[in-house]
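A structural walkthrough
Below are the chains, spelled out letter by letter.
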Amino acid sequence: MRYPTSALVGPNRRLSVEQRWVLVLVLFEALALVGYFALTDATVTSLRYVLYPFVWINVGVVAVLRTNLPTASRRARLVSGTLSVLYFFALTALAGLVGLEIGAHTHTHVHGLQFTMASPGWGPRVGYAGSLVTVNFVPYRVIGYLALSYLVYATLLDAATAVLSGILGVATCVGCSLPIVGSLAAGAVGGTGVVALATLSVDFSTLAFVGAVGLLSVRPRFRRLAEFRS
């Protein structure tokens, strides 16, 4: 018996494409992980810390692929884009990925560009320490914060569109502050200033990240459901 092409692909052809991309990503991560531990002297001391970066990367990628940007004016896109960029730098600053060294005398012995291999997701790590600024590139953090920033961009566009619909728009615009503020915790928890939680910072920041992605992903759907019922 021959089945129609639509039955094999499914009602949502775009979802099938997303699944293929995620499958390729997971296979690449698995190969990178096996290759790293096979070709280096590194050993796995805690499996969850080896896998946490992939949680950040995969959850972020899936959320971005499943997010549709609402139609908005050029001004709304410009303002939302600017705020999202500022939001990204706020996250990186809270996590200690970017910092100013004005008036500080630390890191004087590590000035310049540094490259460090590490377990996939944690590395390869690239760092730069100068007299004015320090920058640390940790792949899973940067990818995760970029995904959050994109979701914030979509949320701001959605809120700007919602404002045009009156009272419902005001309610949803206020409601968008919860996931945005909550997602800042993904940067704050595990940052350089949280010394007391250092041993569990990755656990808490991963939990905060997943929760923030969930909030930012479902909030527009609740607004559209409320509009439909109204």
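We now turn to the structure provided with this report. Keep in mind it's a predicted model, so treat the numbers as computed, not measured.

1. Examining unusual backbone geometry
- Of note, the bond from G123 into P124 is cis; its omega dihedral lies within 30 degrees of zero at 0°.
- In this fold, P124 is placed in the loop between β2 (112–116) and β3 (125–129).

2. A closer look at the pattern of salt bridges
- Under the defined criterion, the tally for this structure stands at one salt bridge.
- With a shortest N-O distance of 2.7 Å, R48 and D203 are connected by a salt bridge. One end of the pair, R48, is in helix α3 (residues 47–65); the other, D203, is in helix α8 (residues 201–229), with 155 residues separating them in the sequence.

3. Thoughts on the sheet that holds β2
- Reading across the sheet, the four strands line up as β1-β4-β3-β2 and stay open at both edges, with antiparallel pairing between neighbours. Since the sheet does not close on itself, it has two edges, and those belong to β1 (98–100) and β2, each with one partner. Adjacent strand axes in the sheet meet at a mean angle of 10° when their direction is disregarded.
- Pairing geometry for β3 and strand β4 (residues 133–137), over four bridges, is antiparallel.

4. Thoughts on helix α4 (residues 74–94)
- Helix length check: α4 (21 residues) gives 30 Å between terminal C-alpha atoms against 30 Å at 1.5 Å per residue, within 8%.
- Turning to α4, its buried residues are A76, S80, S84, Y87, F88, L91 and T92. Looking down the long axis of α4, one finds its buried residues gathered within 130° of arc, a one-sided arrangement. The exposed residues of α4 that point more than 90 degrees off its buried face are R74, R75, L78 and L86.
- With its phi angle positive at about 80°, G96 sits one or two positions after the end of α4.

What counts as what
- Residues numbered from 1 in each chain as written.
- Predicted model: local features only at pLDDT ≥ 70, side-chain atom pairs only at ≥ 80, totals over all residues.
- Heavy atoms only, no water.
- Helix = DSSP H or I, 4+ residues; strand = E, 2+ residues; numbered from the N terminus.
- Salt bridge = Lys/Arg side-chain N within 4 Å of Asp/Glu carboxyl O.
- Pairing = 2+ DSSP bridges.
- Axes fitted to C-alpha atoms, helices over the stretch in contact; angles between N-to-C directions.
- Expected span 1.5 Å × (residues − 1).
- Buried < 20%, exposed > 50% of the residue type's maximum accessible area, 1.4 Å probe, protein only.
- Arc of directions from axis to C-beta.

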